Amino acid sequence: SGLGLSGVYDLEPLMETPFLQQDLRLEDGLVARLRPARLAAPRGRFAALVGELESEEFQRQNRLIAEAWGRRAVPVCEALPGVHHLSIVDQLAEPGTRVQSLAWELLDQGA
């Protein structure tokens, strides 16, 4: 099982981002091979979460993995209200938040 927080599942747009491309040196073949959305869906469950206050690109990426892997593998695909790219990670440590609840649920399934 897995929990994706503001994940990047399509690497192609990163090739068009100069400051990232300089460090990552992505090439077409590498992007095609490493694009998570093109990999086989995992056997376990994957929860894809993104902050509602994040960019449209992060929200698109979140929807993309759910579409690519299907409802069986990604039964949870949500944009969390009032959350942004950094505060979504903070919610892992906050009892009662959707992020922490899903993390515990996914951990329990793996046991």
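What counts, and at which threshold
- Residues numbered from 1 in each chain as written.
- Predicted model: local features only at pLDDT ≥ 70, side-chain atom pairs only at ≥ 80, totals over all residues.
- Heavy atoms only, no water.
- Pairing = 2+ DSSP bridges.
- Helix = DSSP H or I, 4+ residues; strand = E, 2+ residues; numbered from the N terminus.
- Axes fitted to C-alpha atoms, helices over the stretch in contact; angles between N-to-C directions.
- Contact = heavy atoms within 4.5 Å.
- Buried < 20%, exposed > 50% of the residue type's maximum accessible area, 1.4 Å probe, protein only.
- Core = buried A, V, L, I, M, F, W, Y, C linked by side-chain atoms within 4.5 Å.
- Bend = angle between axes of the 7 residues up to and from the residue.
- Phe/Tyr/Trp six-rings, centres within 6.5 Å; stacked < 30°, edge-to-face > 60°.

> What's the story with the sheet that holds strand 3 (residues 76-80) in this structure? I'm lost.
For sheets, the rule is that strands pair by backbone hydrogen bonds, running either parallel or antiparallel. One open sheet holds the 3 strands; their spatial order is 1-2-3, and the pairing between them is parallel. Of all the strands in the sheet, just strand 1 (2-5) and strand 3 have a single pairing partner and so form its edges. Each strand axis lies, on average, 15° off the axis of its neighbour in the sheet, ignoring direction. With respect to the sheet, helix 4 (residues 56-73) is in contact with strand 2 (46-51) and strand 3, its orientation differing from that of strand 2 by roughly 165°.

> What's the story with the pairing of strand 2 in this structure? I'm lost.
One face of the sheet, then the other: side chains in a regular strand alternate in exactly this way. Strand 2 sits mainly inside the fold: 6 of its 6 residues count as buried. Burial along strand 2 is two-sided: F46, A48 and V50 and A47, L49 and G51, pointing in opposite directions, are all buried. The pairing of strand 1 with strand 2 spans 4 bridges and is classified as parallel. Counted as the bridge partner of L3 is A47 from strand 2.

> What is the right way to read the nonpolar core from this model?
Proteins that are soluble and globular tend to have nonpolar side chains buried together. One finds Y9, A37, F46, A48, L64, I65, A66, W69, A73 and V74 forming the largest nonpolar core, which totals 10 residues. Taken together, the elements giving at least two residues each to this core come down to strand 2 and helix 4. A per-element tally of this core places helix 4 first, with 5 residues. Apart from residues lying up to four places away in sequence, A48 is in contact with G4, N62, I65, V74, V76, C77 and E78. Core analysis: the second largest hydrophobic core is formed by 9 residues, A47, L80, I88 and L102 among them.

> Explain helix 4 to me, please; I cannot follow it from the model alone.
Helical geometry note: an α-helix holds 3.6 residues per turn, so side chains three or four residues apart project in the same direction. A maximum bend of about 65° is found in helix 4 at E67. Buried within helix 4 we find Q59, Q61, N62, L64, I65, A66, W69 and A73. As for helix 4, its buried residues are in contact with helix 1 (12-15), strand 2 and strand 3.

> Hey, could you run me through the environment of R25 in this one?
With respect to the helices, strands and loops of the structure, R25 is situated in the loop between helix 2 (18-24) and helix 3 (28-34). Put simply, R25 and M15 are 10 residues apart on the chain and 7.9 Å apart in space, counted from C-alpha to C-alpha.

> Looking at this structure, I do not really get the packing of aromatic side chains. What am I missing?
Here the structure, examined in full by the defined rule, presents 2 aromatic pairs. Arranged with centres 6.1 Å apart and planes meeting at 85°, the rings of Y9 and F46 form a pair that is edge-to-face. Highlighted residues: Y9 in the loop between strand 1 and helix 1 and F46 in strand 2, separated in sequence by 37 residues. Here F46 falls in the buried class, since its relative accessible area comes to 12%. Three or more aromatic residues joined by ring pairs make a cluster, and in this case those are Y9, F46 and W69.

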